[in-house]
Amino acid sequence: MASRVLSTAFRRGFQTSARRFESVATTTSAGVPGAGAVPPLPARKPVGAFRGGLFGFFFGSTLAGSAVYYYALQEYKASNDLLTEDIYALQNAVDRLSKYLVTLEEKMEALERKRK
C-alpha cells in the first residue's frame, strides 16, 4: 500500500517537473513564451552514390590489402623459420660427416704405418 502511494507521488512529481521543464525551455529571459525556441538543425545532405561507393571501394581495398599483407608476412616468417631450421640441420650433418672423414683418414694412416 505504501509503495503504491509513493510510486503515484513519484510519477506525478516527474510529470509535473517534465511539464515545468518544457515551459522553462521555451521561454526567454524576457519571459516571452516560445521566443527562445532553438530552430531545428538543417538536414544533412546524404552522401552521393559515387562518393559513398568510392569510399567503400577504398575502405574495402585497404582492408583486403592489409589482410593479404598480414597473411603474406605470417607465411614469410613460417617459411623463413623452416628454412633456417633446415640450414642448421644441414650444417650439423656436414659437421658430423667431416668428423667421420677425419677419423676415417686417421684410421687409414694408422693402417698404413702398421704395414710399413
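Our subject is the structure that appears above.
None of these values were measured; they are calculated from a predicted model.

1. A closer look at the overall build of the protein
Alright, step 1. Helix and strand counts for the protein stand at two helices and zero strands.
Alright, step 2. For the protein, with 116 residues in total, the buried portion stands at 0%.
Alright, step 3. In the form shown here, the protein has an accessible surface area of approximately 11300 Å², with 66% of it arising from carbon and sulfur atoms.

2. Overview of the packing of aromatic side chains
Alright, step 1. For the structure shown, the criterion picks out two aromatic pairs.
Alright, step 2. Here the aromatic rings of F55 and F59 are separated by 6.3 Å at their centres, their planes lie at 15°, and the arrangement is stacked. Here the residue F55 and the residue F59 both occupy positions in helix 2 (residues 49–115), the gap between them amounting to four residues, near one helical turn.
Alright, step 3. Their ring planes at 55° and their centres at 5.6 Å tell us that F57 and F58 sit as a pair that is tilted.
Alright, step 4. Overall, F57 belongs to the exposed group, its relative accessible area being 53%.
Alright, step 5. Residue class for F58 comes out partly exposed when judged on its relative accessible area of 47%.

3. Considerations on a nonpolar patch on the surface
Alright, step 1. Together, L97, Y100, L101, L104, M108 and L111 line one region of the surface with nonpolar side chains, adding up to about 610 Å² of accessible area.
Alright, step 2. Among the secondary structure elements, Y100 is positioned in helix 2.
Alright, step 3. Take Y100: its relative accessible area is 52%, and that puts it in the exposed class.

Procedures and definitions
- Residue numbers here run from 1 along each chain, matching the order of that chain's written sequence.
- Reporting in this predicted model follows two pLDDT cut-offs: at least 70 for local features of residues, and 80 or more for side-chain atom pairs to be given and counted; totals over whole chains, interfaces and linings ignore these cut-offs and use all residues.
- The basis for every side-chain value is the complete set of non-hydrogen atoms in the structure, without hydrogens or water.
- A run of DSSP states H or I qualifies as a helix once it reaches four residues; a run of E qualifies as a strand once it reaches two. Both are numbered from the N-terminal end.
- Buried means the residue's accessible area, taken with a 1.4 Å probe over protein chains only, is under 20% of the maximum for its type, while exposed means over 50%, and partly exposed covers the values in between.
- Here, Shrake-Rupley sampling with a 1.4 Å probe gives the accessible areas, and only protein chains in the shown set may cover a residue.
- Between 30 and 60 degrees the pair is tilted, below 30 it is stacked and above 60 it is edge-to-face, where a pair is any two Phe, Tyr or Trp rings, Trp via its six-membered ring, whose centres lie within 6.5 Å.
- Like-charged residues are merged into a patch within 9 Å and nonpolar side chains (Val, Leu, Ile, Met, Phe, Trp, Tyr) within 5 Å, provided each residue has over 30% relative accessible area and no salt bridge.
- Each salt bridge in this description consists of a side-chain nitrogen of Lys or Arg and a carboxyl oxygen of Asp or Glu lying within 4 Å of one another.

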